[in-house]
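Structure assessment
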Amino acid sequence: MALPKEFHEIARRVNNWGRWGADDEIGTLNLITDEVVRAAAGEVRTGRRVPLALPLRQDGVQTGVIPGRVNPLHTMVQLNQELFGPGTVACSDDVVTMGLQAGTHWDALTHVSHSGTLYNGRPAGTVTAHGGAEFGGIDKVRHLVSRGVLLDVAGARGVERLAGDHAVTPEDLAAAEEFGRVRVRAGDVALVRTGQVRAYLAGDRHGYGHPSPGLSVRCPEWFHARDVAAVANDTLTFEIFPPEIENLWLPVHALHLVEMGMPQGQNWNLEELSTACGETGRYAFLLSAMPEPFVGATGTPVAPVAIL
């Protein structure tokens, strides 16, 4: 089924192709300048550090709904092995097999395509079975540190968790700014809290994934107008699921990654951060969210930390 006219109209309004040159592979992360990072460092007042990643475990957020995206399978390959002879120092080693987007992660710009294209007009066929992403792989993101802003949509609405059929709108994002007495600015990383991760933390893995609140197809224009560098939230699918427009699957992914060149993150645990921001009355902070440099990968695990 072809993408509807409404999608293509939004795509034209948010498109960033060529904005940072024809060869650009990092999109809106270009907005994180040295000046932005220096200003972000000024948000640190107490040094309080808040981890935002879910534990990587075999009974993680994946339930088999997304083919091939397996939870971490952890295996020991050495157990107190004395490699250099009896009585020498002993070592234990382990290996992991997992989907790179299985837990808390960033999506690279090559994670999705539409109409045969990737960000900046690259052909979708440049992602191959053996080489992965020829252009725009997550390894091209050498660092990701900026000012983070928590947009606590659930908190602004006075609930612990949004309803499963709630599409987060630009009006919700603006209300969250007002709630946190903060304004999103160019180069920021926006963290959108829905409270949905509470389902997973309570043991309801299936209820966490579906139905799920998430971003509306109207949100990309809001982020584009603010020149946001990246967006992450606390859900499995990032956008509302099932979709708000019948049979229009993953439109926000396509608008963010393909049209805007804006990375997005899923499965971030924003509960402790919500508490910390509420206690301090400050919803902006220094955010370190460095991707693991898997060459050619279309996503990566990340262990983000907010520093208040």
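The structure reproduced in this document is the subject of the present report. (Residues numbered from 1 in each chain as written. Predicted model: local features only at pLDDT ≥ 70, side-chain atom pairs only at ≥ 80, totals over all residues. Heavy atoms only, no water.)

As a further point, take the sheet that holds strand β13 (residues 284–288). In space, the nine strands of this open sheet follow the order β1-β15-β13-β7-β9-β11-β12-β4-β14, with mixed pairing throughout. Each having just a single partner strand, β1 (49–51) and β14 (299–301) make up the two edges of the open sheet. Pairs of neighbouring strands in the sheet enclose a mean axial angle of 25 degrees, with direction left out of account. Direction of pairing for β13 relative to strand β15 (residues 305–307): antiparallel, over a ladder of three bridges. Looking across to β15, one finds that L287 is bridged to A306. (Pairing = 2+ DSSP bridges. Helix = DSSP H or I, 4+ residues; strand = E, 2+ residues; numbered from the N terminus. Axes fitted to C-alpha atoms, helices over the stretch in contact; angles between N-to-C directions.)

Those residues of helix α1 (residues 5–14) that sit buried are F7, I10, A11 and V14. Along the long axis of α1, the arc covered by the buried residues comes to 105 degrees, so they all point the same way. Across from the buried face of α1, at angles greater than 90 degrees, the exposed residues are K5 and R12. In the core, the buried residues of α1 are packed alongside α7 (219–226) and α8 (251–260). (Buried < 20%, exposed > 50% of the residue type's maximum accessible area, 1.4 Å probe, protein only. Arc of directions from axis to C-beta. Contact = heavy atoms within 4.5 Å.)

To continue, consider the environment of G87. With respect to the helices and strands, G87 occurs in the loop between β2 (73–82) and β3 (90–97). By relative accessible area, which is 71% here, G87 ends up exposed. A C-alpha to C-alpha distance of 43 Å links G87 and G296, two positions 209 residues apart in sequence.

Moving on, we come to the pattern of salt bridges. Applying the stated criterion to the full structure yields 20 salt bridges. Where D23 meets R122, a salt bridge forms, and the shortest distance between an N and an O atom there is 3.9 Å. Linking D23 in the loop between α1 and α2 (34–41) with R122 in the loop between β4 (105–107) and β5 (127–128), this pair joins segments that are 99 residues apart in sequence. In this structure, the salt-bridge partner of E43 is R147, at a minimum N-O distance of 3.0 Å. Taken as a pair, E43 in the loop between α2 and β1 and R147 in strand β7 (residues 145–152) lie far apart in primary sequence, 104 residues in all. (Salt bridge = Lys/Arg side-chain N within 4 Å of Asp/Glu carboxyl O.)

Here we come to the packing of aromatic side chains. This model, assessed by the stated rule, comprises five aromatic pairs. Ring plane angle 70 degrees and centroid distance 5.0 Å describe the contact between W106 and W268, whose orientation is recorded as edge-to-face. Taken together, the residues span a long stretch of sequence, with W106 in strand β4 and W268 in the loop between β12 (264–266) and α9 (271–280) at a distance of 162 residues. Of the two residues, W106 and W268, neither departs from the other in class, the shared state being buried. Considering the side-chain rings of Y200 and Y208, the 5.9 Å spacing of their centres and the 45 degrees angle between planes classify their relative orientation as tilted. If you follow R122 out to its NZ or CZ, it ends over the ring of F135, 3.7 Å from the centre. (Phe/Tyr/Trp six-rings, centres within 6.5 Å; stacked < 30°, edge-to-face > 60°. Lys NZ or Arg CZ within 6 Å of the ring centre and 35° of its normal.)

By size, the foremost hydrophobic cluster in this structure holds 59 residues, and its most contacted members are W106, L191, F223, W268 and L273. Beyond its immediate sequence surroundings of up to four residues, L191 is in contact with L52, V149, L150, L151, A232, W268, L270, L273, F285 and L287. Within the second largest apolar cluster, seven residues are counted, among which are L54, A199, Y200 and Y208. (Core = buried A, V, L, I, M, F, W, Y, C linked by side-chain atoms within 4.5 Å.)

Below, the discussion takes up the packing of helix α4 (residues 170–180) against α7. Taken N-terminus to C-terminus, the directions of α4 and α7 make an angle of 50 degrees; their axes are 8 Å apart at the nearest point. Comparing the axis directions of α4 and α7 gives the class oblique. In this structure, α4 contributes P170, L173, A174 and E177 to the contact, and α7 contributes C219, W222, F223 and R226. Tallied by class, the residues present in the contact of α4 with α7 amount to six nonpolar, no polar and two charged. (Parallel < 35°, antiparallel > 145°, perpendicular 65-115°, else oblique. Nonpolar A, V, L, I, M, F, W, Y, C, P; charged D, E, K, R; others polar.)

It is worth spelling out unusual backbone geometry at this point. Cis peptide bonds are those with omega within 30 degrees of zero, and the linkage from H210 to P211 qualifies with -10 degrees. Within the secondary structure, P211 sits in the loop between α6 (205–209) and β10 (214–215). A cis amide bond links F241 with the next residue in sequence, P242, at an omega value of 0 degrees. Inspection of the secondary structure assignment puts P242 in the loop between β11 (230–233) and α8. Here S115, not a glycine, exhibits a phi torsion of approximately 55 degrees, which is positive. Within the secondary structure, S115 is located in the loop between β4 and β5.

Linking two cysteines covalently through their sulfur atoms gives a disulfide. For the structure on display, the rule yields zero disulfides. Here C219 stays unpaired: no disulfide links it, and the sulfur of C277, its closest cysteine neighbor, is 19 Å away. (Disulfide = S-S within 2.5 Å.)

Moving on, we come to the side chain of N267. Examined against the element boundaries, N267 turns out to sit in the loop between β12 and α9. Contacts of N267, omitting those with residues within four sequence positions, involve L54, V61, Q62, Q101, A102, G103, T104, H105, Y208, N233, T235 and L236.

For A199, the location among the structural elements is in helix α5 (residues 197–201). Spatially, the C-alpha atoms of A199 and R161 are 8.8 Å apart, while their sequence positions differ by 38 residues. Dropping the residues within four chain positions of it, A199 is found in contact with R161, D204, G207 and Y208.

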